Amino acid sequence: MDGDSSDEDDDRQTLIHQNDTKNLPHQIPASPHPSTSPRSSFHIEELESQIRRRFKLTFNKRYLFAIILPLLIIPIYFSNDIRSLFSSSISSLKFNTVSDRIKESQLQALYLLNQQQSSLLSLWNHTFVNSNSNITAVQFDDIKASLLNQITLNKHIQQILLSPHNTGNTLQNGTGLDPNFAGYSFDRCRKVDQKFSERRTIEWKPKPNKFLFDYQCNRVLDIEHINDCIGKKSVISFEDFMEIKKNHAHIDKFVCYFSSPQPCYVDEEHLKKLKSSGISMGKLETAWKCEDFKKPSQKTVKDVEEKFGLDDDVIAIGDVYFADVERDWVLQPGGPISHKCKTLIEPSKLILLTAERFIQTFLGSNFIALHFRRHGFLKFCNAKKPSCFYPLPQAVDCIVRMVERADTPVIYLSTDAAESETGLLQSMVVLNGNTIPLVKQPPRNSAEKWDALLYRHGIEDDPQVEAMLDKTICAMSSVFIGAPGSTFTEDILQLRKDWGTASLCDEYLCQGEEPNFIAGEE
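Residues numbered from 1 in each chain as written. Predicted model: local features only at pLDDT ≥ 70, side-chain atom pairs only at ≥ 80, totals over all residues. Heavy atoms only, no water.

### Thoughts on empty space enclosed by the protein
Put simply, the rule is: Put plainly, a pocket is an open set of points on a 1 Å grid over the protein atoms alone with protein on both sides within 12 Å along at least five of seven lines, a cavity is a set where a 1.4 Å probe fits but cannot get out, and a lining residue has an atom within 4 Å of a point. Grid points are joined across faces, edges and corners, and a volume is the space filled by probe spheres set on the points. The classification used treats Ala, Val, Leu, Ile, Met, Phe, Trp, Tyr, Cys and Pro as nonpolar, Asp, Glu, Lys and Arg as charged, and all other residues, Gly among them, as polar.
Under the criterion given, the structure shown has 1 cavity of 30 Å³ or more. In this model, the largest cavity occupies a volume close to 60 Å³. As for the largest cavity, its lining consists of His371, Phe372, Arg373, Arg374, Phe377, Cys388, Phe389, Tyr390, Ala483, Pro484 and Leu509. Looking at side-chain class alone, the lining of the largest cavity contains 8 nonpolar, 1 polar and 2 charged residues.

The following block contains the structure:
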């Protein structure tokens, strides 16, 4: 019995332990032994233990619910509408957001008003303070464009101030001018109407065995284009001329337009080049005894015909670039000779295509071209009254004003200036905190293909080709800034007129201004 009693006690302890561990009071494992009094006592104690645990768990849930329920009832009791519970905080959040937006819009408006004040003061100074009473058409366009910009800026300020109040993009007063309306918008740097239909021309009728050739210009000029425009073969290359003369060409008459400071304005070096090319010639003659290229006298077309209307086989004419012959007629867009093309004289096809490839690679359609002549220009300009050589800071001011007027992102720089000057120039050309890139023709790089045509034809190092390429790129620009007194600049301006690319904004560097500092004479 004692052994049995001991075994039952162990079993009981084991069962109780299992029930406590599994926490499953409703599962009571059946005993394999017969029912006895001790087993009944065990069942009673087990049930009491289950009841105590259930009561404890139920009591805990009820106790928590009794505590939480009043906390939920109190705010509901004191609130008429449950939504009003959050309305106060949402309203406060909205108020803070609108207040912040108003403050931000006011700060933006103050900044723009300050910009507007600076722009209006600049307009006042450049229009009325630092200029004479005569306002050119270009200056008047600048004034109109500036005023339209300020109207647009004012409208933008109004929109900023109204935006926090959810008024949309429409102004209620309707008093603002919209620069996009017809009559208010215009391109201040628009192209000049060259009126090609009003050209005054003369018919060129050369004899069948007479030709015009220009010494070694076939590399830079499109001779085929000239003949196509005229409708007959009137111009030949120097090589074709020498072939006709079987490499023994003789100039029967060499007539110089200018006589001073020397006939034809040709030095000994030029004469040596002509003779070394296989051309023989007689003595240089002058059409007029006293014709100085520095002070050319006005001549008519009839005057020129009388002096140069000769019947000799080969006639050479000296430099006539500075000749003053009915300029309005001779220098009109398209030239004075009747032809079927827009322009008679153009760069060669190789140069023209190379210029287009350079523009597509580096510049794009909207760019300013700047001819910035510096080498040897200081002494040349200071000999003129007024001088045309400007200190770099003054030149930069003029360039930046043009960039702002033309609204262009990049400048093509055609210059002979030293790196010390171009480097300083680049660092100073800044508009509204942004540096405006100055692009020059880069050194040869086989990875770049824009100039491949020149290398393929072996003319990449020809100075005349390089110069004509420079002129062609400048002539294709949106706006051109030239060097006063430079024949290079004058060629570009003429080409722009012929091509119809001339802009109302085209001008000489710092046009209308004098240098703010001029060095003394030697």
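Once you've had a look at it, read on.
### Some words on the sheet that holds strand E4 (residues 253–256)
The line we're drawing: At least two DSSP bridges between two strands are required for those strands to pair. Strands here mean DSSP runs of E at least two residues long; helices mean DSSP runs of H or I at least four residues long; both are numbered from the N terminus. Orientation is described by lines fitted to C-alpha atoms, with helices fitted over the stretch in contact, and by angles between N-to-C directions that extend from 0 to 180 degrees.
Strand order in the open sheet formed by 3 strands is E6-E4-E8, and the pairing between neighbours is parallel. Two strands lie at the open edges of the sheet, namely strand E6 (284–286) and strand E8 (315–317), each paired on one side alone. Put simply, the sheet's adjacent strands are angled 30° from each other on average, direction ignored. Strand direction decides the pairing type here: E4 and E6, joined by 3 bridges, are parallel. Within E6, the residue paired with Cys256 across the bridge is Thr286.

### Notes on the pattern of salt bridges
Close approach of charged atoms allows side chains of opposite charge to pair. We apply this condition: Salt bridges, as used here, are contacts in which a Lys or Arg side-chain nitrogen is within 4 Å of a carboxyl oxygen on Asp or Glu.
Summed over the entire model, instances satisfying the criterion amount to 15 salt bridges. Residue Arg374 is joined to Glu421 by a salt bridge in which the shortest nitrogen-to-oxygen separation is 2.8 Å. Remark: Glu421 occurs in helix H13 (residues 419–428) and Arg374 occurs in the loop between strand E10 (368–372) and helix H11 (377–382); sequence separation between them is 47 residues. A salt bridge links Arg401 to Glu513, with the nearest nitrogen and oxygen atoms 2.5 Å apart. With Arg401 in helix H12 (residues 392–406) and Glu513 in the segment after strand E16 (507–508), this residue pair connects regions lying 112 residues apart in the sequence.

### Here's the deal with the nonpolar core
As a reminder, the rule being used: Only buried residues count toward a nonpolar core, which is a set of Ala, Val, Leu, Ile, Met, Phe, Trp, Tyr and Cys residues joined through side-chain atoms within 4.5 Å. Classification of residues uses two cut-offs on accessible area relative to the type maximum, computed with a 1.4 Å probe and protein chains only: under 20% is buried, over 50% is exposed, and between them is partly exposed. Note on contacts: a residue pair is in contact if any heavy atoms of the two residues lie within 4.5 Å.
Core analysis: the largest hydrophobic core is formed by 27 residues, its most contacted members being Ile368, Phe372, Ile399, Ile411, Leu425, Val429 and Leu509. Elements supplying a minimum of two residues to this core: E10, H12, strand E11 (411–415) and strand E15 (479–482). No other element matches H12, which puts 9 residues into this core. Here Leu509 is in contact with Phe372, Tyr390, Ala395, Cys398, Ile399, Ile481, Gly482 and Pro484, once residues within four sequence places are set aside. With 24 residues, the next largest nonpolar core counts Ile351, Leu363, Met468 and Leu469 among its residues.

### Observations concerning the packing of aromatic side chains
Given two aromatic rings, one states the distance between the centres and the angle between the planes to describe the pair. Counted only if it meets this: Between rings of Phe, Tyr and Trp, where Trp is taken as its six-membered ring, a pair exists when centres lie within 6.5 Å; planes separated by under 30 degrees are stacked, by over 60 edge-to-face, and by other angles tilted.
Tallying each qualifying case throughout the model produces 11 aromatic pairs. For the pair Tyr257 and Trp288, a centre-to-centre distance of 4.9 Å together with 70° between the ring planes defines the contact as edge-to-face. In this pair, Tyr257 is assigned in the loop between E4 and helix H7 (268–276) and Trp288 in the loop between E6 and strand E7 (298–299), connecting sequence segments 31 residues apart. We note that Tyr257, like Trp288, is buried. Members of the aromatic cluster, each reached through a chain of ring pairs, are Tyr257, Phe258, Trp288 and Phe308.

### Quick look at the environment of Ile436
Inspection of the secondary structure puts Ile436 in the loop between strand E13 (434–435) and strand E14 (438–439). A residue is classified by how much of its surface remains accessible, and Ile436, at 8% relative accessible area, is buried. Put simply, Ile436 and Thr408 are 28 residues apart on the chain and 8.9 Å apart in space, counted from C-alpha to C-alpha. What Ile436 contacts, discounting residues up to four positions off in sequence, is Val403, Pro409, Val410, Ile411, Gln426, Val429 and Leu431.

### Observations regarding the pairing of E4
Pairing of E4 with E8 involves 3 bridges; the strand directions are parallel. Looking at E8, one finds that Val255 is bridged to Ile317.

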